[in-house]
Structures are given as C-alpha cells and as structure tokens.
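# Reading the structure
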Amino acid sequence: GLCERFPNEAKWLYFLAYQYKGKKDVQGAIKAYEKCLELSPRWLKVLAELGPLYEENGSTEKALESCRNGIQTYKAMKPDRQKELAPIYSKLSARAAKLICSGGNVTETDKNEAESLFRESIAADPGNPDAWYRLGDFYLGFGKYDDALQYLQKAESLSPKKEYIPHKIAQAHLKKGNHKQA
C-alpha cells in the first residue's frame, strides 16, 4: 500500500523487497529492488542485496554486474560516505571476487582481479575476520599455501572462536604436507 501511495519513494520498495526476501520470494524481491534502483540508482545496500538474489536465481552474470555497479558507486562517493559504507563495500568486493572465480575456466586475469578485490575487501573492513578468511581461502584454492596460512591466521587472531577458521588452517597445513601441524 505504501508503494502505491508513495510511488516515488525508493525506501518503500526497499522494505517491500525485504519482505519478499523474508518470504523466500526471490522473483518478487528482485523486481522490488530493481524498481528501487530505478528511483535511487546509487543505493549501495540495494546493489549489495541484489547480487545474492540474482545468484540464487541462476544469473551469475547479473550478480557480478550488480556487484561491479556497487563497487563503482562506492568509488565515486566522497571519503566520509565511503567510511560509513565500508563494510557494505567490503562484502561487495568479496562477492564479486567469488563470482569471478566461480566459473570453470578461471584465467590468470580473473585470478588477479579476484585477488585485488579480496584485498580491497580487507582494506575497507580490516577488523572483519571473514575478509581475511576469504582471501586465505582463495589462496588455498589456488595452491598458495603460505599466503593462505598468513591470512587465515590473521582471521583467527581477529576471531579465535569461529570454528571454520582453524579448520581451514588445518587444511592449508595438510596441503603443505605438514600433517603434524594440521
């Protein structure tokens, strides 16, 4: 009803999309978020929310495009606004990096872009252990075990109670052939 009464206010479409998302209506959420972006094309949170929905809907390309639009939107912001939205940017960068590496044939260019995005994710939100974990996991997946351990151990130092981090550290040690350390 609010969307009908106030058709030019993006916030009501945002709230509607959130409700659709809660009801697991991916299509409804996507449509509402897309309409929201028509009214407010630089709304970073909406771009961040759309990516996972597109991905869930089977559209990896649209998901990556949404992340890239969010990254460009963030980079065009003034520094004080960037500081405020850094955690969202961190997630957008990490999601874009994951999407780039999700295809079957990952080129060296893809790896370099993904690595850069993971590093940007850390730079934007250095206190977030998951940002460090994601880069460590990336390195592990591409056989850079020492680099993986460095970032995974940093993640563990930031959040020693997250069980998945030492598990990934053990995997890195196993890949290195250091069974005792694992």
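What comes next is a walk through the structure. Being a predicted model, the structure only gives us computed values, none of them experimental.

In this section: the pattern of salt bridges. Throughout the structure, instances matching the rule amount to 11 salt bridges. Taking the shortest distance from any N to any O, the salt bridge between Arg 95 and Glu 55 comes out at 2.9 Å. Residue Arg 95 is found in helix 6 (residues 79-100), and its partner Glu 55 is found in helix 4 (residues 44-56); the two are separated by 40 residues along the sequence. In this structure, a network of salt bridges that share partners links the residues Lys 21, Lys 45 and Glu 49.

Taken N-terminus to C-terminus, the directions of helix 9 (residues 145-158) and helix 10 (residues 164-176) make an angle of 160 degrees; their axes are 9 Å apart at the nearest point. Viewed along their axes, helix 9 and helix 10 adopt a mutual orientation that is roughly antiparallel. Crossing of helix 9 over helix 10 shows left-handed handedness. Mapping the contact onto sequence places Tyr 145, Asp 146, Leu 149, Leu 152, Gln 153, Ala 155 and Glu 156 in helix 9 and Ile 165, Pro 166, Lys 168, Ile 169, Ala 172, His 173, Lys 175 and Lys 176 in helix 10.

Time to look at the nonpolar core. Residues Tyr 33, Leu 44, Tyr 74, Leu 92 and Leu 135 are the most contacted members of the largest nonpolar core, which totals 54 residues. Sort the elements by how many residues they give to this core and helix 6 lands first, with 10 residues. Discounting chain neighbours no more than four positions away, the residues touching Tyr 74 are Leu 44, Gln 82, Lys 83, Leu 85, Ala 86 and Tyr 89.

On to helix 4. The end-to-end C-alpha distance of helix 4, which contains 13 residues, comes to 19 Å, matching closely the 18 Å that a straight helix rising 1.5 Å per residue would cover. For helix 4, the complete set of buried residues consists of Leu 44, Val 46, Leu 47, Ala 48, Glu 49, Leu 50, Gly 51, Leu 53 and Tyr 54. Of the residues trailing helix 4, Gly 58 is marked for its positive phi of about 90 degrees.

Let us now look at the side chain of Asp 125. Here Asp 125 lies in the loop between helix 7 (108-124) and helix 8 (129-141). Nearest to the buried, unbridged Asp 125 among oppositely charged side chains is Arg 134, at 6.6 Å. For Asp 125, the residues in contact, after removing those within four places along its chain, are Pro 87, Ser 90 and Ala 131.

A complete count under the given rule lists 11 aromatic pairs for this structure. Seen in terms of ring centroids, Tyr 14 and Trp 43 are 4.9 Å apart; in terms of plane orientation they differ by 25 degrees. Their pairing is stacked. Residue Tyr 14 is found in helix 2 (residues 10-22), and its partner Trp 43 is found in the loop between helix 3 (26-39) and helix 4; the two are separated by 29 residues along the sequence. For the ring pair Tyr 74 and Tyr 89, a centre distance of 3.9 Å and an interplane angle of 10 degrees mean the geometry is stacked. Of this pair, Tyr 74 sits in helix 5 (residues 60-75) while Tyr 89 sits in helix 6; the two residues are 15 residues apart in sequence, bridging distant segments of the chain. With respect to class, Tyr 74 is no different from Tyr 89; both count as buried. Of the aromatic side chains, those joined through ring pairs into one cluster are Phe 118, Trp 132, Phe 138, Tyr 139, Phe 142 and Tyr 151. If you follow Lys 154 out to its NZ or CZ, it ends over the ring of Trp 132, 5.5 Å from the centre.

All right, on to helix 9 then. The terminal C-alpha atoms of helix 9 lie 20 Å apart, and with 14 residues this matches the ideal 20 Å at 1.5 Å per residue to within 8%. Residues of helix 9 that are buried make contact with helix 7, helix 8 and helix 10.

Our focus in this paragraph is the packing of helix 5 against helix 6. Between two packed helices, both the angle of their axes relative to each other and the distance between the axes serve to describe the pair. As a packed pair, helix 5 and helix 6 sit with axes 9 Å apart at the nearest point and diverge in direction by 150 degrees. Judged by the angle between their axes, helix 5 and helix 6 are roughly antiparallel. Two packed elements cross with a definite hand, and for helix 5 against helix 6 that hand is left-handed. The residues of helix 6 that touch helix 5, namely those facing Thr 60, Ala 63, Leu 64, Cys 67, Arg 68, Gly 70, Ile 71, Tyr 74 and Lys 75, are Gln 82, Lys 83, Leu 85, Ala 86, Tyr 89, Leu 92, Ser 93, Arg 95, Ala 96, Leu 99 and Ile 100.

A few words now on unusual backbone geometry. Backbone geometry places Lys 24, a non-glycine residue, at a positive phi of 65 degrees. Along the polypeptide, Lys 24 turns up in the loop between helix 2 and helix 3.

The rules behind these values
- Residues numbered from 1 in each chain as written.
- Predicted model: local features only at pLDDT ≥ 70, side-chain atom pairs only at ≥ 80, totals over all residues.
- Heavy atoms only, no water.
- Salt bridge = Lys/Arg side-chain N within 4 Å of Asp/Glu carboxyl O.
- Helix = DSSP H or I, 4+ residues; strand = E, 2+ residues; numbered from the N terminus.
- Axes fitted to C-alpha atoms, helices over the stretch in contact; angles between N-to-C directions.
- Parallel < 35°, antiparallel > 145°, perpendicular 65-115°, else oblique.
- Left-handed = near helix turned anticlockwise from the far one by under 90°.
- Contact = heavy atoms within 4.5 Å.
- Core = buried A, V, L, I, M, F, W, Y, C linked by side-chain atoms within 4.5 Å.
- Buried < 20%, exposed > 50% of the residue type's maximum accessible area, 1.4 Å probe, protein only.
- Expected span 1.5 Å × (residues − 1).
- Lys, Arg positive; Asp, Glu negative; His and termini not counted.
- Phe/Tyr/Trp six-rings, centres within 6.5 Å; stacked < 30°, edge-to-face > 60°.
- Lys NZ or Arg CZ within 6 Å of the ring centre and 35° of its normal.

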